[in-house]
2 protein chains.
Amino acid sequence: MSAGDLAEGVLRGEVRAVARAISLVENAGPGLRALTEELVKGMREPYRARVVGLTGAPGVGKSTSTGTLIEAARARGERVAVLAVDPSSPFTGGALLGDRVRMQAHATDPGVFIRSMATRGHLGGLAWAAPQAIRVLDAAGYDLILVETVGVGQAEVDIASLADSTIVLLAPGMGDSVQAAKAGILEIADVFVVNKADRDGAQETVRDLRNMVALSGSRDWRPPIVSTVAARGEGAADLVAALDRHAEHLAASGEGRARRLARARDEIEAIVLTGLRARMGEISGDRHLDALAEALLAAKTDPYRAADQVIAAL
Amino acid sequence: MSAGDLAEGVLRGEVRAVARAISLVENAGPGLRALTEELVKGMREPYRARVVGLTGAPGVGKSTSTGTLIEAARARGERVAVLAVDPSSPFTGGALLGDRVRMQAHATDPGVFIRSMATRGHLGGLAWAAPQAIRVLDAAGYDLILVETVGVGQAEVDIASLADSTIVLLAPGMGDSVQAAKAGILEIADVFVVNKADRDGAQETVRDLRNMVALSGSRDWRPPIVSTVAARGEGAADLVAALDRHAEHLAASGEGRARRLARARDEIEAIVLTGLRARMGEISGDRHLDALAEALLAAKTDPYRAADQVIAAL
């Protein structure tokens, strides 16, 4: 299939074309560049879809909460795409969706597209792949794109820089609030969700979060803290309302446009760096780098001098 | 203090100089390059220290296990450095060590150096900073360098590429085995530790791991699975023995040298990429990138074309 045909399929919202285009992103396949050109040409309103990031530790209820958000969006007649990003899959090639029973309830709904994506280590990773996958979904006309990621660490930061709104999920009794402070998620959260709010310790988690949010004070958007029991659908309306208020804030303050600009900037940077890295492999050659590494091991050079030689060879 | 003086202090193993040199790495301060040159010149045997990575989800007992390893090494008369890497700290500037009661037992032992390190997002991150911090500790004559990191994801992969041996910690009843498979930690573990082995489900966790290790089959080193109750010191001898066997395997198979070469290679690459990124900022200029991002938002360019323009400007 030509890039033009594939792009047309995506722009018509055909699920198969969308899946194929995302695979092209995932594998950095040939034709991705041509596809991207065609998509940009063909999109009536780029950056139209609302991108919501969803993150939290394993077991906190991300998939169930995603299910809740899908239901709410479908009830409004919106088309929804879910991108489950597995930042740990350079090795496994990860199939994240196996255990997502709740989400599979939507597998037969043509208005819902669910896809897991591995972000392989040898490319630019999440920062490279995710904005391109989001473009495909945006081009396909999805109104809401939920980007879900696991774990604590850099992936969250990357997700936050992609999303219009970022939801950070916690659950009681996981030592969350301390972990939250550690992980810097306070700074990335636009909305906090304390899920499994029927469990012991939920109120303490909410209180701890509230204190931390109050202390962090400086931003003009103070992240609301929503209590949910996602498995029973409790708190769903509150979460949707909180997201809506954040969307209004983004529009009114100009922050929304600023975030989209930053996303565009990050995407360009990631493509530049990945391109340079590829060129480093080609021009300077594996052998050159190996020889420099040998010299470093033998203390015949230092890493900065070695790096200079690689750059000079570029 | 000049780079030469600082390097001399590090090479004499002075704690204050070591701490200062690691801050220089952490902040990518001026003089880091000169310090590195002096260290490389002054080291009698570079890449001498044994680097052991330690990773696992929050709450699994990493700090306690690190304490166990410190004790065992001290009993052998080895000097030990602990580098606690917080990959999530572009925002917080992380102070990971606050809750490390067990480790603080060693705070007054002059043969033990403990340090947390933030790896800020705007630099090359962990891949850039960690090997340089390890060089400082190696130059200061520590025999064992324990690199500890939190979370699931890219950080683990990075740690594994730094370390001679990587320990992956699990605990029963955290849905570990499934999470382990997801996170690709099977591939990075040289030794598995099932900590809190006195808890319910420990045997199941061990059994699940054993099955997975058996299935992954292809490597010539099959990661042993050690059960510990680190809080009571149980299993410590088994863990040390497993690490010793792995060290023998590394030496006998040539894998040890291959890993050090890969570490040197990765360090050079990280310095190259960080250098190019910095140059991208300087030459092409923030305004140029902003203008390209604006064009992307307006669909007047595509990200690949924009990236070409940035590269051309370099």
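Every value quoted in this text rests on a predicted model; they were computed, and no experiment measured them.

With that settled, consider the overall build of chain A. Regarding its fold elements, chain A presents 13 helices and seven strands. Counting over 314 residues, chain A shows a buried share of 53%. If you take every contact in chain A between residues at least 6 apart in sequence, the share linking residues at least 24 apart comes to 75%.

When two helices pack together, their arrangement is given by the angle between the helix axes and by the axis-to-axis distance. All names here are of chain A. Their axes nearest at 10 Å, the elements helix H3 (residues 32-42) and helix H6 (residues 126-139) cross at an angle of 40°. With respect to H6, the element H3 is oriented oblique. Considering how the two elements wind past one another, H3 and H6 form a crossing that is left-handed. Residue-level contacts link Thr36, Leu39 and Gly42 of H3 to Gln132, Arg135, Val136 and Ala139 of H6. Tallied by class, the residues present in the contact of H3 with H6 amount to three nonpolar, three polar and one charged.

A word on unusual backbone geometry. Residues other than glycine predominantly adopt negative phi, and peptide bonds predominantly adopt the trans conformation. Residue and element names in this part refer to chain A. Of note, alanine 28 is a non-glycine position whose phi angle comes to about 50°, a positive value. Structurally, alanine 28 can be placed in the loop between helix H2 (15-27) and H3. Judged by local crowding, alanine 28 falls into the partly exposed class, with 17 C-beta atoms found within 10 Å. Non-glycine residue alanine 299 carries a positive phi angle of around 60°. For alanine 299, a count of 16 C-beta atoms within 10 Å corresponds to the partly exposed category.

Here we come to the environment of Gly77(A). Counting through the fold element by element, Gly77(A) comes out in the loop between helix H4 (62-75) and strand E2 (80-86). In this structure, the C-alpha to C-alpha distance between Gly77(A) and Asp143(A), residues 66 residues apart in sequence, is 9.4 Å.

Two faces belong to every sheet, and in a regular strand the side chains alternate between them. Residue and element names in this part refer to chain B. Both faces of strand E6 (residues 191-194) are covered, namely the face carrying Val191 and Val193 and the face carrying Phe192 and Val194. In terms of strand pairing, strand E5 (residues 165-170) meets E6 through four bridges, oriented parallel. Counted as the bridge partner of leucine 169 is valine 193 from E6. Pairing geometry for E6 and strand E7 (residues 225-227), over three bridges, is parallel. Bridging from a neighbouring strand, valine 193 pairs with valine 226 of E7.

Attention now goes to the pairing of strand E1 (residues 50-56) of chain B. Residues and elements named next belong to chain B. Burial within E1 is extensive, with seven of its seven residues counted as buried. Alternating positions in E1 separate into two faces, Arg50, Val52, Leu54 and Gly56 on one and Val51, Gly53 and Thr55 on the other, with burial throughout. Bridge count for E1 against E5 is four bridges, and the pairing is parallel. Note on E5: the bridge partner recorded for leucine 54 is isoleucine 167.

Residues and elements named next belong to chain A. Considering every residue of chain A, the mean pLDDT works out to 83; 83% of them sit at 70 or more. Counting interchain partners and residues more than four positions distant, the pLDDT-below-50 stretch residues 89-101 has 28 contacts. Under the prediction, the complex receives an ipTM of 0.80, its pTM being 0.70.

A few words on helix H11 (residues 236-253) of chain A. Here H11(A) contains 18 residues, and its C-alpha end-to-end distance of 26 Å stays within 8% of the 26 Å for a straight helix at 1.5 Å per residue. Looking one or two residues beyond H11(A), the residue adopting positive phi is Gly254(A), at roughly 85°.

Residues spaced three or four apart along an α-helix point in a common direction, a consequence of the helix completing one turn every 3.6 residues. Residue and element names in this part refer to chain B. The end-to-end C-alpha separation of helix H4 (residues 62-75) is 20 Å, in line with the 20 Å expected for 14 residues at 1.5 Å each. For H4, the tally of buried residues reaches ten of 14 residues, placing the bulk of the element in the interior. Restricting attention to buried positions, one finds in H4 the residues Lys62, Ser63, Thr64, Ser65, Thr66, Gly67, Thr68, Leu69, Ile70 and Ala73. Within two residues after H4, glycine 77 carries a phi angle of roughly 85°, on the positive side.

This part covers the environment of Ile188(B). Looking at the element boundaries, Ile188(B) is found in helix H9 (residues 185-188). As for Ile188(B) and Ser161(B), which are separated by 27 residues in sequence, their C-alpha atoms are 8.5 Å apart.

Take the environment of Ala258(A) next. Tracing the backbone shows Ala258(A) in helix H12 (residues 255-297). Here the alpha-carbon distance between Ala258(A) and Asp164(A), two residues 94 residues apart in the chain, equals 9.7 Å.

Each value, and the rule that gives it
- As a convention, each chain's residues are numbered from 1 in the sequence order in which they are written.
- Here the convention is simple: chains get letters from A, ligands get numbers from 1, in the order in which they are written.
- Two thresholds apply to this predicted model, a pLDDT of at least 70 for residue-level local features and 80 or more for giving and counting side-chain atom pairs, whereas whole-chain, interface and lining totals are computed over all residues.
- To qualify as a helix, a DSSP run of H or I must reach at least 4 residues; to qualify as a strand, a run of E must reach at least 2; elements of each kind are numbered from the N terminus.
- In this scheme every C-beta is placed from the backbone, and a residue whose C-beta has 20 or more other C-beta atoms within 10 Å is buried, one with 12 or fewer is exposed, and one in between is partly exposed.
- Each residue gets a C-beta atom placed from its backbone, and two residues are in contact if those atoms lie within 7 Å.
- An axis is simply a line fitted to the C-alpha atoms; with a helix, the fit covers only the stretch in contact. Between two such axes, the angle follows the N-to-C directions and lies from 0 to 180 degrees.
- Just so you know how the angles are binned, under 35 degrees is roughly parallel, over 145 roughly antiparallel, 65 to 115 roughly perpendicular, and the rest oblique.
- Here a crossing is called left-handed whenever its near helix is offset anticlockwise from the far helix by less than a right angle, and right-handed whenever the offset is clockwise.
- Each residue gets one of three labels, nonpolar for Ala, Val, Leu, Ile, Met, Phe, Trp, Tyr, Cys and Pro, charged for Asp, Glu, Lys and Arg, and polar for the others, Gly among them.
- Strand pairing is assigned whenever DSSP identifies at least 2 bridges connecting the two strands.
- Across the chain, each position has a pLDDT score giving the predictor's confidence in that residue, from 0 to 100.
- Given a helix with a known number of residues, its expected span is that number minus one, times 1.5 Å.

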